[in-house]
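# Secondary and tertiary structure notes
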Amino acid sequence: MGVAVIDIGSGSVRMLMDGKKQTVMTKLGEGLNAAGRLSEEAMARTIPVIGGFVGEAERSGHTVYVFATEAVRAAENRAEFLRAVHDLCGADVEVISGSEEAEIALLGASADGDSTVVDIGGASVEIVSGDGRSLLYVRSLPLGVVRLTEQAGGDAGLIRAYAVNGISGFGDVRLRPGLIGVGGTLTSLAAMKLGLDRYDPDAVNGTRLSAEDISVLAARLTVLGSEDAIKAAYPVLPDMRCGLITAGAIFAEELLGYLGADGITVSESDNLDGYLRYKQRELASCGK
């Protein structure tokens, strides 16, 4: 019997099953920054997607594990959301902490655990460093691209100001050689750099984004401005990503500057893969 893992993120719901990933953007975290709650509209977009993934995995005979990140853990009405998911498809969702989210990103993206991994999400950003034996630095901050976009009203200058102010909360990051980036913002920027019309995970995986690459993309996105113009210029982007990618590019630019990094290598292996490996180890230790 195989194992399927579903990640309920602030921007998208994703499933990893039999080595393949599926992603549906639902923007669950939309409105969370202002209201402190998951909106009825965002939940209505998201819960059926989760149910569809769970049903697909169960029909294929897989054991299903579902976890949620910052949008759910920060929401005042998270119990209502979790109950609605369970009522629809019977899934018990594990709401992981920010530090756990960072740790599974490292487990997923770094084969030997000797790396620094950056995970830019919809409602939070994690940075984790390990030396292959232990964790040297772990921090999660509520700085995701959905939050930044809404907080700044889409204004690029305000996005940059909020990003600079927020990033200072990471303090002294203990960097390891080989900075790795995961999450939809960075994979999208890699696809844009490569000029892809359709998303190709094999092409994106391992792509190096230099600091200059990111600055050029951030500047162009700022000039393009509207979601329609961004979609026309970068058809590889899902519609919901077009309204978030400017904030993502600006944040990535400022974060690399803060870290003193000249670039970042994008990985398709991320917290989905890390959570799967974590669960497989857990099952093996129990003799299952």
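Below: a short report on this structure.

Taken together, six strands build an open sheet; the order of strands is S8-S7-S6-S9-S11-S10 and the sheet is mixed. Edge positions in the sheet fall to strand S8 (135-141) and strand S10 (208-210), since each has one partner strand and no second. The average undirected angle you get between the axes of adjacent strands in this sheet is 25 degrees. One ladder, built from seven bridges, connects strand S6 (residues 114-120) with strand S7 (residues 125-131); its direction is antiparallel. Residue pairing for S7: Asp114 is matched across the bridge by Asp131. Here helix H10 (residues 211-224) sits on the sheet and contacts S10 and strand S11 (263-266); the angle it forms with S10, its principal contact strand, is near 70 degrees.

Another aspect to go through is the environment of Asp87. Looking at where Asp87 falls in the secondary structure, it is placed in helix H4 (residues 78-89). Accessibility expressed as a relative area gives 61% for Asp87, which makes it exposed. Taking the C-alpha atoms as reference, Asp87 lies 20 Å from Thr69; in sequence the two are 18 residues apart.

Further remarks concern the sheet that holds strand S2 (residues 12-17). Pairing is mixed across the open sheet formed by five strands, whose spatial order is S3-S2-S1-S4-S5. In this open sheet, the two strands that pair with only one neighbour each are strand S3 (20-25) and strand S5 (93-95). Strand-to-strand, the axes of this sheet are offset by a mean angle of 20 degrees, without reference to chain direction. Summarising the sheet, strand S1 (residues 3-8) and S2 pair through five bridges and their orientation is antiparallel. From the neighbouring strand, Asp7 faces S2, where its bridge partner is Arg14.

Scoring rules and cut-offs
- Residues numbered from 1 in each chain as written.
- Predicted model: local features only at pLDDT ≥ 70, side-chain atom pairs only at ≥ 80, totals over all residues.
- Heavy atoms only, no water.
- Pairing = 2+ DSSP bridges.
- Helix = DSSP H or I, 4+ residues; strand = E, 2+ residues; numbered from the N terminus.
- Axes fitted to C-alpha atoms, helices over the stretch in contact; angles between N-to-C directions.
- Contact = heavy atoms within 4.5 Å.
- Buried < 20%, exposed > 50% of the residue type's maximum accessible area, 1.4 Å probe, protein only.

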